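Residues per chain, in single letters:
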Amino acid sequence: MFPYIPGFLSFREIDSTLEAVSKLKNNFDIVLVDGQGIAHPRRFGIACHLGVIIKKPVIGCAKKRLCGRFNQPAEEPGSYSYLFDRDEKIGAVLRTRKGVKPIFISPGNLIDIDSSVKIIMSLVDKYRLPEPIRLAHLYAGEISSIYKNKE
C-alpha cells in the first residue's frame, strides 16, 4: 500500500476507489470525491486522477484547503468566492449552511468550477457536506468500527 504522504492522497486511494467504481451496478453521470481536483499544488488531485481514468466528470469536495487564497464567502447558504493560486482560479469556497465553515469545491475532470458549485449546492440538505459525501463518511465510519471490533 502506498503510504500517506500529504499532497499524494490520490496514489494511496486510487486503486480502492477504482475498485469501488467498478462494482457500481447502475450507470452514473458524475462522481463526487472527498478531496481536491485542480485545487492542488500540482493541479492534479484525486478528482482529476479518477476522472481521467474513468472518463467521467468528477468534482472534488473537501473540508479543508490544500492550497490557494480566498475571501470568506458571505454567510448566506449558496454564497461562494473563488479560490486562487497566484492568478489562476482553481476552485470555489462554498458556504452551504449559515454559521458553519465553508467547503472547498474543485473540479477534477470534464466539468468547470461554476457547474461544480451548482451541483454541490443542489446536493446539500441539512448539513455542511453534500448528502452523497456525508453518507459516505457515515458508512465508512460504520465499516471502520466493525473492523476495529473484530481485532
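Before reading further, recall that the structure is shown in the block above.
None of the values given here were measured: they were computed from a predicted structure.

Peer 1: Before we go on, may I ask you to explain unusual backbone geometry in this structure?
Peer 2: It is generally the case that most residues other than glycine have a negative phi and that most peptide bonds are trans. Residues other than glycine seldom take positive phi values, yet K55 does so here, at roughly 60°. Tracing the backbone through its elements, the reader meets K55 in the loop between helix 2 (46-54) and strand 2 (58-62). The phi torsion at R86 lies on the positive side, around 55°, for a residue other than glycine. Residue position: R86 is located in the loop between strand 3 (80-85) and strand 4 (88-94). What makes R86 exposed here is its relative accessible area of 66%.

Peer 1: Is there a simple way to explain the pairing of strand 4 in this structure?
Peer 2: Both faces of the sheet carry side chains from a regular strand, because those side chains alternate between them. With 5 of its 7 residues buried, strand 4 lies for the most part within the structure. In terms of strand pairing, strand 3 meets strand 4 through 6 bridges, oriented antiparallel. Within strand 4, the position partnered with S81 by the bridge is V93. Where strand 4 lies against strand 5 (residues 103-109), 3 bridges are found, and the strand directions are antiparallel. Considered in strand 5, the bridge of V93 is made with F104.

Peer 1: What exactly am I supposed to notice about the pairing of strand 2 here?
Peer 2: Of all 5 residues making up strand 2, 5 are buried, and the element is well covered by its neighbours. On strand 2, burial covers both faces: V58, G60 and A62 on one face and I59 and C61 on the other are all buried. By the bridge criterion, 3 bridges tie strand 1 (residues 31-33) to strand 2 in an arrangement that is parallel. Looking at strand 2, one finds that V33 is bridged to G60. For the segment spanning strand 1, helix 2 and strand 2, crossover handedness is right-handed. Here 5 bridges tie strand 2 to strand 5, and the two strands are oriented antiparallel to one another. What sits directly across from I59, in strand 5, is P107.

Peer 1: How should I be thinking about the layout of surface pockets in this particular structure?
Peer 2: Sizing a probe to match a water molecule and rolling it over the atoms shows the empty space that remains. Approximately 1200 Å³ is the volume found for the largest pocket. In terms of lining residues, the largest pocket is bounded by 29 residues, among which E13, S16, T17, A20 and A136 are the most central. Within the residue set of the lining of the largest pocket, elements represented by two or more residues are helix 1 (9-22), strand 1, helix 2 and helix 4 (131-150). Of the residues belonging to the lining of the largest pocket, the class tally is 21 nonpolar, 4 polar and 4 charged.

Calculation rules
Residues numbered from 1 in each chain as written. Predicted model: local features only at pLDDT ≥ 70, side-chain atom pairs only at ≥ 80, totals over all residues. Heavy atoms only, no water. Helix = DSSP H or I, 4+ residues; strand = E, 2+ residues; numbered from the N terminus. Buried < 20%, exposed > 50% of the residue type's maximum accessible area, 1.4 Å probe, protein only. Pairing = 2+ DSSP bridges. Right-handed = clockwise from strand over helix to strand, strands pointing away. 1 Å grid on protein atoms, 1.4 Å probe; cavity = no way out; pocket = protein on both sides within 12 Å on 5 of 7 lines; lining within 4 Å. Points joined across faces, edges and corners; volume = space filled by probe spheres on them. Nonpolar A, V, L, I, M, F, W, Y, C, P; charged D, E, K, R; others polar.

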